[in-house]
Amino acid sequence: MEVEISPKESRKAYGGEGGEYYAWSAGDLPMLAVAEKGAAKLVLGRRGLAMPSYSDSAKIAYVLEGSGRAGIVLPEASERVVAIRKGDAIALPFGAVAWWFNDSSEADLTVLFLGDTSKAHKRGEFTDFQLTGASGIFTGFTAEFAGRAFDLSEQEASRLVRSQPSGGIVKLKEGFQIPEPSEMDREGLVLNCEEAPLDVDVERGGRVVVVSSQNLPLVGDCGFGGDLVKLDGGAMCSPGFSCDSAFQVTYITKGSGRVQVVGIEGKRVLETAVKAGSLFIVPRFFVVSKIADAGGMQWFSIVTTPNPVFTHLAGKTSVWKALSPQVLQASFNVSPETEELFRSKRTSDAIFFPPPS
């Protein structure tokens with residue numbers, strides 16, 4: 001595979017006084033089109049509102065920074081208004097209409113979107129459809145059609161549809177009231193990855209929370225899962241690959257480190273430093289490993305299956321421990337003593353390896 005997979009940062013797509021919307025394009029990161037995945041980021045300033053829209057892609061939204069509110073309307077369902085905060089993952093299946101609001105006076109609300117573009121208008125990119133504003137759907141209909149749809153006069157419909165001159169994001173005036181969130185509405189819709197039970201916890205190594213249909217049922221409707229990984233300073237994430245033909249889309253949320261990816265015929269296709277804001281995609285069955293810098297590194301990923309399964313190539317759960325000694329000796333073309341030394345290592349570490357003593 002000769003497709004460029006180097007990490008890239010997003011570009012600003014649009015914005016205004018209330019905030020900005022950033023996106024990764026398949027032109028900058030061709031693997032997005034190959035994997036049929038998309039990525040974008042919403043940054044809302046104080047009292048910024050991202051107006052209601054729906055997308056041509058199923059997504060997982062992950063709150064990178066800040067806090068606020070979100071309104072989600074699933075097909076043929078009532079609006080659910082939830083308080084959102086750093087670490088929240090929200091599944092947005094096809095047909096979901098969503099709005100986002102920063103009610104904090106202290107920090108920006110930053111939300112990452114990763115999703116599937118296999119049914120999208122552009123492979124590797126999201127197309128969002130605004131319900132209101134300068135590019136709202138009903139600005140394209142004649143006043144006659146809009147009036148008939150809303151049971152309004154043509155004049156009333158035209159005034160309604162064209163009253164909002166901004167596109168996508170606005171800043172609300174002080175005192176304007178947005179619906180209050182309900183804690184009950186979070187159930188089954190939102191999972192806080194910072195507070196969820198750990199699926200993996202290795203001292204001085206790292207921690208993982210897997211987002212799957214088990215803890216966030218709507219993920220099953222999206223068709224893919226995700227995870228939040230925190231790698232301690234100097235620690236290594238075991239070389240491994242997705243064994244169910246999935247792509248891995250990874251966004252570095254905090255810290256920095258190094259990444260290597262090895263593919264067909266043992267060719268190293270990526271060796272680079274990564275930092276917060278970098279996005280990269282690991283091709284199917286390619287092996288990836290990461291080492292954090294001294295300050296540690298965190299990332300949020302989606303894997304293109306709702307319940308991902310990985311095969312690790314180092315550590316106590318690796319395939320090496322399962323293979324017979326004779327096969328390893330013959331395959332490596334080494335002495336029994338060398339094979340025994342190899343097998344005796346990494347007998348207690350799994351997935352994450354602490355830095356050398």
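Within each chain, residues carry numbers counting from 1 in the order of the written sequence. Local features in a predicted model are, by the rule used here, given only for residues with pLDDT of at least 70; side-chain atom pairs are given and counted only at 80 or more, and totals for whole chains, interfaces and linings are based on all residues. Just so you know, side-chain values use all the structure's heavy atoms and leave hydrogens and water out.

In the annotation of an unreviewed UniProt entry, the entry for the protein reads Cupin type-1 domain-containing protein, and the organism field reads Spirodela intermedia. UniProt positions are given in the numbering used here, feature names are shortened, and annotations may be inferred rather than shown by experiment. You can read under Subunit (unreviewed entry) in the UniProt record for the protein the words "Hexamer; each subunit is composed of an acidic and a basic chain derived from a single precursor and linked by a disulfide bond."

J.: Go over the pattern of salt bridges with me, naming the residues and quoting the values.
T.: What counts as a salt bridge is simple: a side-chain nitrogen of Lys or Arg found within 4 Å of a carboxyl oxygen of Asp or Glu. Inspection of the entire model under this criterion finds 16 salt bridges. Salt-bridge contacts for Lys-59 lead to Asp-128; the nearest nitrogen and oxygen are separated by 3.0 Å. With Lys-59 in strand β5 (residues 58-65) and Asp-128 in strand β11 (residues 128-130), the pair connects residues that are 69 residues apart, well separated along the chain. Between Arg-343 and Glu-339 there is a salt bridge; the shortest N-O distance is 2.9 Å. Placement of the pair is Arg-343 and Glu-339 together in helix α8 (residues 336-344), with a separation of four residues, close to one helical turn. Where salt bridges share partners, they join Arg-69, Asp-103 and Glu-180 into one cluster. A run of DSSP states H or I qualifies as a helix once it reaches four residues; a run of E qualifies as a strand once it reaches two. Both are numbered from the N-terminal end.

J.: With reference to specific residues and values, describe the side chain of Ser-278.
T.: Tracing the backbone through its elements, the reader meets Ser-278 in the loop between β19 (268-275) and β20 (279-282). With near-sequence residues (within four places) excluded, Ser-278 lies in contact with Pro-7, Lys-8, Thr-250, Tyr-251 and Ile-252. Note on contacts: a residue pair is in contact if any heavy atoms of the two residues lie within 4.5 Å.

J.: Mind laying out the environment of Ala-314, listing which residues take part and the relevant values?
T.: Assignment of secondary structure puts Ala-314 in the loop between β22 (310-312) and α6 (319-322). Separated by 218 residues in sequence, Ala-314 and Ala-96 have C-alpha atoms that sit 41 Å apart. For Ala-314, the contacting residues outside a window of four places in its chain are Ser-238, Pro-239, Trp-320 and Phe-353.

J.: Tell me about the packing of helix α2 (residues 143-150) against helix α3 (residues 154-162), residues and numbers included.
T.: Axes here refer to lines fitted to C-alpha atoms; in helices the fit is confined to the stretch in contact. Angles between the N-to-C directions go from 0 to 180 degrees. Running from N to C, α2 and α3 point in directions that differ by 95 degrees, and their axes come no closer than 8 Å. With respect to their mutual orientation, α2 and α3 come out roughly perpendicular. Across the interface between the two elements, Ala-143, Glu-144, Ala-146, Gly-147 and Phe-150 of α2 pack against Glu-154, Ala-157, Ser-158, Leu-160 and Val-161 of α3. Amino acid classes used here: Ala, Val, Leu, Ile, Met, Phe, Trp, Tyr, Cys and Pro are nonpolar; Asp, Glu, Lys and Arg are charged; the rest, including Gly, are polar. Class assignment for the residues of the contact of α2 with α3 results in six nonpolar, two polar and two charged. Roughly parallel means an angle under 35 degrees; roughly antiparallel means over 145; roughly perpendicular covers 65 to 115; every other angle is labelled oblique.

J.: Kindly report on unusual backbone geometry, identifying the contributing residues and their values.
T.: Residues other than glycine seldom take positive phi values, yet Glu-265 does so here, at roughly 60 degrees. Here Glu-265 lies in the loop between β18 (248-262) and β19. Here Asn-333, not a glycine, exhibits a phi torsion of approximately 60 degrees, which is positive. Position of Asn-333 relative to the elements: it lies in the loop between α7 (325-332) and α8. Among the residues examined, Asn-333 registers a relative accessible area of 70% and is labelled exposed. Per-residue accessibility, obtained with a 1.4 Å probe over protein chains only, is compared with the maximum for each type, and a residue is labelled buried under 20%, exposed over 50%, and partly exposed between these values.

J.: Lay out the sheet that holds strand β10 (residues 109-116) in plain terms, naming residues and giving numbers.
T.: By definition, two strands form a pair when at least two bridges between them are found by DSSP. In space, the seven strands of this open sheet follow the order β1-β2-β3-β10-β5-β8-β13, with antiparallel pairing throughout. Single-partner strands in this sheet number two, and they are β1 (11-16) and β13 (190-192). When the angles between neighbouring strand axes are averaged without regard to direction, this sheet yields 20 degrees. By the bridge criterion, three bridges tie strand β8 (residues 88-92) to β13 in an arrangement that is antiparallel. Within β13, the position partnered with Ala-89 by the bridge is Leu-191.

J.: Describe the layout of surface pockets, listing the residues and the values that go with them.
T.: Rolled over the atoms, a probe with the dimensions of a water molecule shows which regions are left empty. Its volume calculated, the largest pocket comes out at about 450 Å³. Looking at the lining of the largest pocket, the elements that each hand over two or more residues are β15 (206-211), β16 (225-231), β17 (236-242), β18, β21 (287-303) and β22. No other element matches the five residues that β21 contributes to the lining of the largest pocket. Residue classes in the lining of the largest pocket are distributed as 14 nonpolar, seven polar and three charged. Lining residues are defined by having an atom within 4 Å of a point belonging to a cavity or pocket. Those points lie on a 1 Å grid over the protein atoms alone, cavities being sets where a 1.4 Å probe fits but cannot get out and pockets being open sets with protein on both sides within 12 Å along at least five of seven lines. Considering the residues around the second largest pocket, the lining is formed by 21 residues, among which Tyr-14, Tyr-21, Phe-126, Thr-127 and Asp-128 are closest to the centre. Mapped by element, the contributors of at least two residues to the lining of the second largest pocket are β1, β2 (19-23), β3 (37-44) and β11. A class-by-class count of the residues in the lining of the second largest pocket yields 10 nonpolar, six polar and five charged. Grid points are joined across faces, edges and corners, and a volume is the space filled by probe spheres set on the points.

J.: A description of the pairing of strand β6 (residues 67-73) should follow, citing residues and the corresponding values.
T.: The buried fraction of β6 amounts to five of the seven residues, a majority that puts the element mostly inside the structure. Where β6 and strand β7 (residues 79-85) come together, seven bridges link them in antiparallel fashion. When the bridges of β7 are listed, Ser-67 appears paired with Arg-85. Across five bridges, the pairing between β6 and strand β9 (residues 97-101) is antiparallel. Each bridged residue has a counterpart across the sheet, and for Gly-71 the counterpart in β9 is Trp-99.

J.: A description of the nonpolar core should follow, citing residues and the corresponding values.
T.: Grouped together as the largest cluster of nonpolar side chains are 79 residues, with contacts concentrated most on Leu-42, Ile-90, Trp-100, Leu-279, Phe-300 and Phe-352. An automatic or database domain assignment supplies the start and end points of every domain. Built from parts of two domains, this core gets at least three residues from each of domain 1 (11-132 + 168-186) and domain 2 (193-353). Apart from the residues lying within four places of it in its own chain, the contact partners of Ile-90 are Lys-59, Ile-60, Ala-61, Val-63, Ile-84, Trp-100, Leu-189 and Val-190. For this analysis, a nonpolar core means a set of buried residues of the types Ala, Val, Leu, Ile, Met, Phe, Trp, Tyr and Cys, connected via side-chain atoms within 4.5 Å. If you look at the next biggest cluster of nonpolar residues, it comprises eight residues, including Leu-49, Val-81, Trp-99 and Leu-172.

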